[in-house]
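Analysis of the macromolecular model
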Amino acid sequence: MRWIGFVSLFACSAFAEPRRVVLLEELVRIEALRSRSYELPLPQQKAALDLHWNVKPPGEAVRVLVVDRNASATAFDSGYEANGSRRVKLDQAGQYQVTIENRQQNLGHSLIDLRMELVFGEERSPVTELRGPTPARRYWAIATSLALFAMMVTFAGVRLGPAVRERWGPRRFQKTLDENRWDDTVGE
């Protein structure tokens, strides 16, 4: 009986939603030409960080950075955007820092509706994110391009063929030989 209980507990935990912790959900005020940073220590396990931000009018775009302080590398850089959301995979345990910069605005302040969540226990998805057209669509795009190219070459051949033949055809070559009194026989 205990064995069935253990298996059912494992099955429930294996198929359960990943644990989600809301770190911050507030309206953040950042003065012009300033930034605000939040420390994010993850000493024991890796996780995913969900970021959602929205700048309230009349504020300008802000930049959101996630920096891995152990590796001295940037895990995410949003560029300057007025709103957005992103899931950042924090693949290793360590010290992280989330920084919001308001460096484009010269006067006043920006109000940013900011939400940061940590998601633990989520299975890593494969990195094969599909970007661009599907293989079938790519095939049809290539086939259509080749067909259009063949049509253009055929059209150009039909339209320009007589003019090219008249200029460079065998009669023109014979006429040039006769005018210059060249003999087209070689070695006789």
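Structure: see above.
Criteria and cut-off values
Residues numbered from 1 in each chain as written. Predicted model: local features only at pLDDT ≥ 70, side-chain atom pairs only at ≥ 80, totals over all residues. Heavy atoms only, no water. Buried < 20%, exposed > 50% of the residue type's maximum accessible area, 1.4 Å probe, protein only. Helix = DSSP H or I, 4+ residues; strand = E, 2+ residues; numbered from the N terminus. Pairing = 2+ DSSP bridges. Lys, Arg positive; Asp, Glu negative; His and termini not counted. Salt bridge = Lys/Arg side-chain N within 4 Å of Asp/Glu carboxyl O. Polar contact = N/O pair within 3.5 Å; in protein donor to acceptor, adjacent residues only side chain to side chain. Contact = heavy atoms within 4.5 Å. Axes fitted to C-alpha atoms, helices over the stretch in contact; angles between N-to-C directions. Core = buried A, V, L, I, M, F, W, Y, C linked by side-chain atoms within 4.5 Å. Patch = residues over 30% accessible without salt bridge, like charges linked within 9 Å, V, L, I, M, F, W, Y side chains within 5 Å. Areas by Shrake-Rupley, 256 points an atom, 1.4 Å probe, with all protein chains shown as cover.

Judged by how many residues are buried, strand S3 (residues 47–56) sits mostly within the fold: seven of ten residues are covered. Of the pairings in the sheet, the one linking S3 to strand S6 (residues 83–90) comprises eight bridges and is antiparallel in character. Across the sheet, Leu49 pairs through a bridge with Val88, a residue of S6. Across nine bridges, S3 lies against strand S8 (residues 109–120) in antiparallel orientation. Within S8, the position partnered with Asn54 by the bridge is Asp113.

Take the side chain of Asp68 next. When you line up the elements, Asp68 lands in strand S4 (residues 62–68). Although buried, Asp68 forms no salt bridge, and the nearest oppositely charged side chain, Arg69, lies 8.0 Å from it. Of the polar contacts made by the side chain of Asp68, one reaches the side chain of Gln92; its length is 2.8 Å. Contact partners of Asp68, with chain neighbours within four places excluded, come to Ala73, Gln92, Gln95 and Tyr96.

Another aspect to go through is the sheet that holds S6. Backbone-to-backbone hydrogen bonds pair the strands of a sheet. The strands run either parallel or antiparallel. Within the open sheet, the four strands sit side by side as S1-S8-S3-S6. Their pairing is antiparallel. Edge positions in the sheet fall to strand S1 (19–31) and S6, since each of these pairs with one other strand and no more. Sheet twist, expressed as the average angle between the axes of neighbouring strands with direction ignored, equals 15°.

Right, let's get into the pattern of salt bridges. This structure, assessed with the given rule, holds nine salt bridges. With its nearest N and O atoms 2.7 Å apart, the salt bridge here joins Asp50 to Arg87. Taken together, the positions of Asp50 in strand S3 and Arg87 in strand S6 put the pair 37 residues apart, joining distant regions of the chain. Here Glu101 and Arg63 are joined by a salt bridge, their closest N and O atoms 3.5 Å apart. A residue pair is termed long-range when its members are at least 10 positions apart, and Glu101 in strand S7 (residues 94–102) and Arg63 in strand S4 qualify at 38 residues.

Attention now goes to the side chain of Gln97. With respect to the element layout, Gln97 can be found in strand S7. Sequence-distant contacts of Gln97, that is, excluding residues within four places in its chain, are made with Ser37, Tyr38, Glu39, Leu65, Val66, Val67 and Arg69.

Our focus in this paragraph is the nonpolar core. Judged by nonpolar contacts, the single largest core of 25 residues is most densely connected at Leu49, Leu51, Val66, Leu90 and Leu114. Mapped onto this core, the elements with two or more residues apiece are S1, strand S2 (34–42), S3, S4, S6, S7 and S8. Dropping the residues within four chain positions of it, Val66 is found in contact with Leu49, Leu51, Ala73, Thr74, Ala75, Phe76, Val88, Leu90, Tyr96, Gln97 and Val98.

Here the focus is a nonpolar patch on the surface. Residues Phe149, Met152 and Val153 make up a contiguous nonpolar surface patch of roughly 330 Å² in combined accessible area. Along the chain, Val153 falls in helix H2 (residues 135–168). For Val153, a relative accessible area of 47% corresponds to the partly exposed category.

As a further point, take the sheet that holds S2. Here we have four strands laid out as an open sheet, ordered S2-S7-S4-S5, and antiparallel in their pairing. The strands lining the two open edges of the sheet, one partner per strand, are S2 and strand S5 (73–81). Taken over all neighbouring pairs, the strand axes of this sheet differ in orientation by 10° on average, direction set aside. Inspection of the sheet shows S4 paired to S5 by six bridges, in the antiparallel sense. Each residue of the ladder has a partner; that of Asp68, found in S5, is Ala73.

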